[in-house]
Every structure is written in structure tokens, then in C-alpha cells.
Amino acid sequence: MPRYQNIVILTGAGLSAESGLATFRDKDGIWAKYDHSDVATPEGFARNPELVYEFYNMRRREGIKAEPNAAHQALATLQNKYDGNVHIVTQNIDNLHELAGASNVIHMHGEMAKAMCTHCEARSPWNENLSASLKCPECELIGGMRPNVVWFGEMPYRMDEIAAALASCDLFISIGTSGNVYPAAGFVAAATEVGAHTVELNLEPSDTASQFNDTHHGPATEVVPAYVGSLLKNCAVDA
Ligand code: NAD
């Protein structure tokens, strides 16, 4: 295994599947039960805020019960021990990377343990149910609190930082994502453009699998620790 200097890791719902959190587009996934235009768009929120609050209140309650799995742990170990830069960019709104010990995670689609005030745009830690009657802890106005989640049609967070990390990466690893949702689905092309080695770790070939140099298919709790182990073998700071 070569010594990579700048690794970018993109994670998706498949990483947290074995922690008991549902994926989106799989057969029994979230979009099989809900129409994403009702619960994950600004228009859906304007039409029926109660449904959207309940959807994320349910997901927040499930998220609070979930624990990181062996794949989250392997990635945290990689970030803490690898002799090089390891950027973790996640589409997941759970906090399982952090609970596993990762210290620097970019949540491009937001975090369900935070609420956003539409009046003052403050993001506040939030572990309780959200509703329209709540007051923002920052500006104290009522009625503007919504999940701190990026909905379809909204701009993902921290795209400048992600673009900078991709522009200098020499290894790009995509884990547990179906390659359906842009801009994340385009990261493999951006990494390829700068000459990075690209690897997909997923249960099955994703829609963008043919764009990767290397693919390993199987459950995240198996393929991720195995791949991370091979990276750390020669390149750990204190292994
Ligand atoms: P997805 O459900 O589309 O894909 C999950 C992938 O994980 C699949 O390819 C599947 O084969 C794989 N997988 C399933 N179990 C696995 C396992 N045990 N090990 C390894 N892989 C496994 O999820 P995604 O790609 O993360 O979806 C893209 C993003 O769309 C989501 O992360 C979500 O953030 C996003 N999105 C959601 C909302 C919302 O809910 N509000 C809004 C906008 C965008």
C-alpha cells in the first residue's frame, strides 16, 4: 500500500446501517416509507411542518439510541493514527463518527442533534423534539426553529473546504453511499481529475462503482476495518 498524504473519505447511510439506522434508497429504506418531497424539501416543510418535525423527531430519537459500529471505529482510528491528513466528509446526519472518536468531521448535510433558527440562522445543540412553538436560544424569537439538515434543493454545508480537500487528495474513499445525490456523487470525478486513487467500499456496487479504481463489496463492518488495517499497516504514527 503506498503512503498517501491527503486522504478524503466520503461516508453515507450504509456506514450506519449496521448501527440500526435505516438507509434511504434500499428496499426497506426511508424513501420506501416517506416521499422525500414531503419530508426533505423546503416546500414540504412549508406545506406540512408538523409532518417534517415528526419525521426528524423520530430520526433524532433513533439516532440517540444508536451506537457506532466497527466501521466508524476503524475510521476514527485512521484519523487519529494515520501519518497524513484524513478528512472525513459525511452525508450522514447522525453523530456516530464523533461517538467513535473522530475529531474532525464535515457534516455536509447537517446534523440532527442541532436545530437551526430561520430568523437568526444560529445553530444550537438540540436533543429534544422540535416544534413550531419553540423559542430560539440565541435570538429568542418563536417559530423559526427547524432541523439543521440540508434538504433537497438547498446548498450542502462547507463545500469550499470539501473542494479544497478534494483538490489536494491522493486517495479518495467512498463508503456506504449509493452515488445518487449530488454534489457528493461527483466527488469521485473531482478526485480522479487530480490523479487520486479512488476506492469504493459498499455492500454492493453503487451507481458510480465503474468510476472507481478499486472496489471492495461487503458489509461496512467487515470491508472498512480490513481496508483501514491495510492503510495503517505501514503508515501509523504509533502503531
Ligand atoms: P442511500 O440509501 O442512497 O445508499 C446507501 C448505500 O449504502 C447503498 O449503496 C447500499 O448498498 C449501501 N449499504 C447498505 N447497507 C450497507 C452496509 N451494511 N455496509 C455498506 N454499505 C451498505 O444513502 P446515501 O448514499 O447516504 O444517500 C445520499 C444522501 O441523500 C443521504 O446521506 C442523505 O443525507 C441525503 N439526503 C437526505 C435528506 C434528508 O433526509 N433530509 C435530504 C437530502 C439529502
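Please read these numbers as outputs of a predicted model, since none were measured by experiment. (Residues numbered from 1 in each chain as written. Predicted model: local features only at pLDDT ≥ 70, side-chain atom pairs only at ≥ 80, totals over all residues. Heavy atoms only, no water.)

### Brief notes about the packing of helix α6 (residues 70-81) against helix α10 (residues 220-235)
Think of two packed helices as two axes; the pair is described by the angle between the axes and how far apart they sit.
Then, in step 1: Relative to each other, α6 and α10 sit at 20°, their axes nearing to 8 Å. Here α10 runs roughly parallel to α6, going by the angle between their axes. Between α6 and α10 lies a crossing of left-handed hand. Contacts from Ala70, Ala71, Ala74, Leu75, Thr77, Leu78 and Lys81 of α6 reach α10 at Ala220, Thr221, Val224, Pro225, Val228, Leu231, Leu232 and Cys235.
Then, in step 2: Looking at the contact of α6 with α10 residue by residue, the class counts come to twelve nonpolar, two polar and one charged. (Axes fitted to C-alpha atoms, helices over the stretch in contact; angles between N-to-C directions. Helix = DSSP H or I, 4+ residues; strand = E, 2+ residues; numbered from the N terminus. Parallel < 35°, antiparallel > 145°, perpendicular 65-115°, else oblique. Left-handed = near helix turned anticlockwise from the far one by under 90°. Contact = heavy atoms within 4.5 Å. Nonpolar A, V, L, I, M, F, W, Y, C, P; charged D, E, K, R; others polar.)

### Concerning the site of the ligand
Then, in step 1: Phe24, Tyr56, His109, Thr177 and Ser178 are the nearest of the 29 residues found near the ligand.
Then, in step 2: Relative to its unbound accessible surface of 850 Å², the ligand loses 96% to contact with the protein.
Then, in step 3: Secondary structure elements with two or more residues in the shell around the ligand: α1 (13-17) and α5 (49-65).
Then, in step 4: Considering each element in turn, the shell around the ligand owes the most residues, three residues, to α1. (Near = heavy atom within 4 Å. Areas by Shrake-Rupley, 256 points an atom, 1.4 Å probe, with all protein chains shown as cover.)

### A few points about the side chain of Asn57
Then, in step 1: Along the polypeptide, Asn57 turns up in helix α5.
Then, in step 2: Overall, the relative accessible area of 4% leaves Asn57 in the buried class.
Then, in step 3: Among the polar contacts made by the side chain of Asn57, one reaches the main-chain amide nitrogen of Leu130 at a distance of 2.8 Å.
Then, in step 4: Contact partners of Asn57, with chain neighbours within four places excluded, come to Glu128, Asn129 and Leu130. (Buried < 20%, exposed > 50% of the residue type's maximum accessible area, 1.4 Å probe, protein only. Polar contact = N/O pair within 3.5 Å; in protein donor to acceptor, adjacent residues only side chain to side chain.)

### Topic: the packing of aromatic side chains
Then, in step 1: The final tally for this structure, using the stated rule, is nine aromatic pairs.
Then, in step 2: Taken together, a centroid distance of 5.1 Å and an interplanar angle of 45° make the contact between Phe24 and Trp31 tilted.
Then, in step 3: Both rings, one in Phe172 and one in Phe212, keep their centres 6.3 Å apart while their planes meet at 15°; by these two values the pair is stacked. With Phe172 in strand β7 (residues 171-175) and Phe212 in the loop between β8 (197-202) and β9 (214-217), this residue pair connects regions lying 40 residues apart in the sequence. For the pair formed by Phe172 and Phe212, the shared burial category is buried. (Phe/Tyr/Trp six-rings, centres within 6.5 Å; stacked < 30°, edge-to-face > 60°.)

### As for the side chain of Asn148
Then, in step 1: Tracing the backbone through its elements, the reader meets Asn148 in strand β6 (residues 145-149).
Then, in step 2: Ignoring sequence-local partners within four residues, the contact set of Asn148 consists of His109, Gly110, Glu111, Lys114, Ala115, Met116, Arg123 and Tyr157.

### Some thoughts on the state of the cysteines
Then, in step 1: In this structure the tally under the stated criterion is zero disulfides.
Then, in step 2: The thiol of Cys136 is unpaired, and the distance to the nearest cysteine sulfur, on Cys120, comes to 3.7 Å.
Then, in step 3: Unpaired in this structure, Cys235 has its nearest cysteine sulfur neighbour in Cys169, at a distance of 16 Å.
Then, in step 4: Its relative accessible area of 2% is what places Cys235 among the buried residues. (Disulfide = S-S within 2.5 Å.)

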